[in-house]
Amino acid sequence: MNPIVEAENLSRFYGLYLGLNNVTFTIKPGITGIVGPNGAGKTTLFRLLTGQIKPDAGTLQIFGASPWANPLVQAQLAYCPESEAVPPGLRSLEWLIALGMISGLSADAAEKHGRNALARVKLAPEHWKKRLTALSKGMKQRVKLAQCLLHEPKLIVLDEPMNGLDPMGREDFSNVLRQLAREGVSIVISSHILHDLEALCSDFILLRGGRIAHEENEAA
């Protein structure tokens, strides 16, 4: 199985601060967990993967090309940050339609994509017209995941998407991710809840002080 991400001797520094230091790893299709304490380099890794920052040394390729300043690669990626900031009063489907239109879709196409995305993340239709600020944490996370799916990406990067969810909510969210993986979407996910990652992921990247150890989860 060919990897979708390949990094070799990858480094990123912020002045004297070490983000990632000379790391080499691959990410295969499927669901890969990112594990490490605060300050281990997870945010730096995500910014590199999504093309927000450029490596200081080494190489990073996603689908065979660098994500930095490369719209063709970036169009195949989606990123779901841990926090969210949306205008007050917006409703779930309205928000997705607006984002779709900003991306160049017609109003009708944006609505179709938004409805399909909300259905894929299994958010019940009765919640589609509720204000985002009125939704539970788990429902908000589903809307954010639906936002990622609007342009049918091949790789989704999720930063602590299950933070704040109760056990049932985490299991429901995990089942949605498993279904997306079965549909061919690759997922990179970070979480402090190691038990959930062990049950969900087939592979891990372990970060410690800007360095990476790569391990497979043969139980998944």
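Residues numbered from 1 in each chain as written. Predicted model: local features only at pLDDT ≥ 70, side-chain atom pairs only at ≥ 80, totals over all residues. Heavy atoms only, no water.

K.L.:
Honestly, the layout of surface pockets in this entry has me stumped. Any pointers?
P.N.:
Where empty space is left can be seen by rolling a probe of water-molecule size over the atoms. In this structure, the largest pocket encloses a volume near 420 Å³. Residue lining of the largest pocket: 16 residues in total, with L77, S103, Q147, C148 and H151 positioned closest to the centre. Contributions of two or more residues to the lining of the largest pocket are made by β5 (77-80), α3 (92-102) and α5 (137-149). Of the residues that constitute the lining of the largest pocket, the class distribution is 9 nonpolar, 7 polar and no charged. (1 Å grid on protein atoms, 1.4 Å probe; cavity = no way out; pocket = protein on both sides within 12 Å on 5 of 7 lines; lining within 4 Å. Points joined across faces, edges and corners; volume = space filled by probe spheres on them. Helix = DSSP H or I, 4+ residues; strand = E, 2+ residues; numbered from the N terminus. Nonpolar A, V, L, I, M, F, W, Y, C, P; charged D, E, K, R; others polar.)

K.L.:
What exactly am I supposed to notice about the side chain of S174 here?
P.N.:
Secondary-structure assignment places S174 in helix α6 (residues 167-182). Accessibility expressed as a relative area gives 3% for S174, which makes it buried. (Buried < 20%, exposed > 50% of the residue type's maximum accessible area, 1.4 Å probe, protein only.)

K.L.:
Just to check I follow, could you spell out the environment of P161 for this structure?
P.N.:
Residue position: P161 is located in the loop between β6 (155-159) and α6. When its relative accessible area of 1% is taken as the criterion, P161 is described as buried. Sequence separation between P161 and K144 is 17 residues, and the spatial gap between their C-alpha atoms is 9.0 Å. Once residues within four sequence positions are removed from consideration, P161 is found in contact with Q141, F173, I189 and S190. (Contact = heavy atoms within 4.5 Å.)

K.L.:
Looking at this structure, how should I read α3?
P.N.:
Working note: α-helix, 3.6 residues per turn, so residues spaced by three or four point in the same direction. Taken together, the buried positions of α3 are occupied by S92, L93, W95, L96, I97, L99 and G100. Close packing links the buried residues of α3 with α4 (107-120) and α5. The first or second residue beyond α3 is G104, which carries a positive phi of 110°.

K.L.:
I keep staring at the pattern of salt bridges and nothing clicks. Help me out?
P.N.:
In a structure, side chains of opposite charge can pair up when their charged atoms sit close to one another. All chains considered together, the criterion is met by 6 salt bridges. The shortest N-O distance in the salt bridge between R120 and E152 comes to 3.2 Å. Linking R120 in helix α4 with E152 in the loop between α5 and β6, this pair joins segments that are 32 residues apart in sequence. A relative accessible area of 52% means that E152 is categorised as exposed. The closest approach of N and O atoms between D172 and R142, which form a salt bridge, is 4.0 Å. Within this pair, whereas D172 is found in helix α6, its partner R142 is found in helix α5, the two being separated by 30 residues in sequence. Relative accessible area serves as the criterion here: at 34%, D172 is assigned to the partly exposed category. Residues participating in the shared-partner salt-bridge network are R120, E152 and E183. (Salt bridge = Lys/Arg side-chain N within 4 Å of Asp/Glu carboxyl O.)

K.L.:
What should I look at first to understand the packing of aromatic side chains in this one?
P.N.:
A ring pair, where both rings are aromatic, is described by two values, the distance of the centres and the angle of the planes. If you walk through the whole model with that rule in mind, you get 2 aromatic pairs. Ring centres of Y14 and Y17 lie 5.9 Å apart, and the angle between their planes is 35°; this geometry places the pair in the tilted category. Y14 gets classed as partly exposed once you look at its relative accessible area, which sits at 30%. Ring plane angle 65° and centroid distance 6.3 Å describe the contact between F46 and Y79, whose orientation is recorded as edge-to-face. (Phe/Tyr/Trp six-rings, centres within 6.5 Å; stacked < 30°, edge-to-face > 60°.)

K.L.:
Looking at this model, I keep getting lost on the sheet that holds strand β4 (residues 57-62). Mind explaining?
P.N.:
Strand pairs in the sheet, formed through backbone hydrogen bonds, run parallel or antiparallel to each other. Read across the open sheet, the 3 strands follow the order β2-β1-β4; overall the sheet is antiparallel. Two strands in the sheet have a free side with no partner beyond their single neighbour: β2 (17-27) and β4. Neighbour-to-neighbour, the strand axes of the sheet open up by a mean angle of 25°, direction not taken into account. Both strand β1 (residues 5-14) and β2 contribute to a ladder of 7 bridges, which runs antiparallel. Within the sheet, the bridge partner assigned to L10 lies in β2 and is V23. Contacts from helix α1 (residues 42-49) reach β1, β2 and β4 within the one sheet, and its direction differs from that of β1 by about 120°. (Pairing = 2+ DSSP bridges. Axes fitted to C-alpha atoms, helices over the stretch in contact; angles between N-to-C directions.)

K.L.:
Which parts of the structure should I look at to understand the nonpolar core?
P.N.:
Buried together is how nonpolar side chains tend to be arranged in soluble globular proteins. L145, L158, L177 and I189 are the most contacted members of the largest nonpolar core, which totals 39 residues. Ignoring sequence-local partners within four residues, the contact set of L145 consists of V121, I156, L158, F173, V176, L177 and L180. In terms of nonpolar packing, the next biggest core, distinct from the first, is built from 24 residues, V5, I53, V157 and L207 among them. (Core = buried A, V, L, I, M, F, W, Y, C linked by side-chain atoms within 4.5 Å.)

K.L.:
Would you take a moment to explain the packing of α4 against α5 for this structure?
P.N.:
In a pair of packed helices, the angle between the axes and the distance between the axes together describe the arrangement. For the pair α4 and α5, interaxial distance at closest approach is 8 Å and the crossing angle is 130°. The angle between α4 and α5 falls in the class oblique. When you trace α4 past α5, the crossing you get is right-handed. The segment α4 lies against α5, with A117, L118 and R120 engaging V143, A146 and L149. For the contact of α4 with α5, the class distribution of residues is 5 nonpolar, no polar and 1 charged. (Parallel < 35°, antiparallel > 145°, perpendicular 65-115°, else oblique. Left-handed = near helix turned anticlockwise from the far one by under 90°.)

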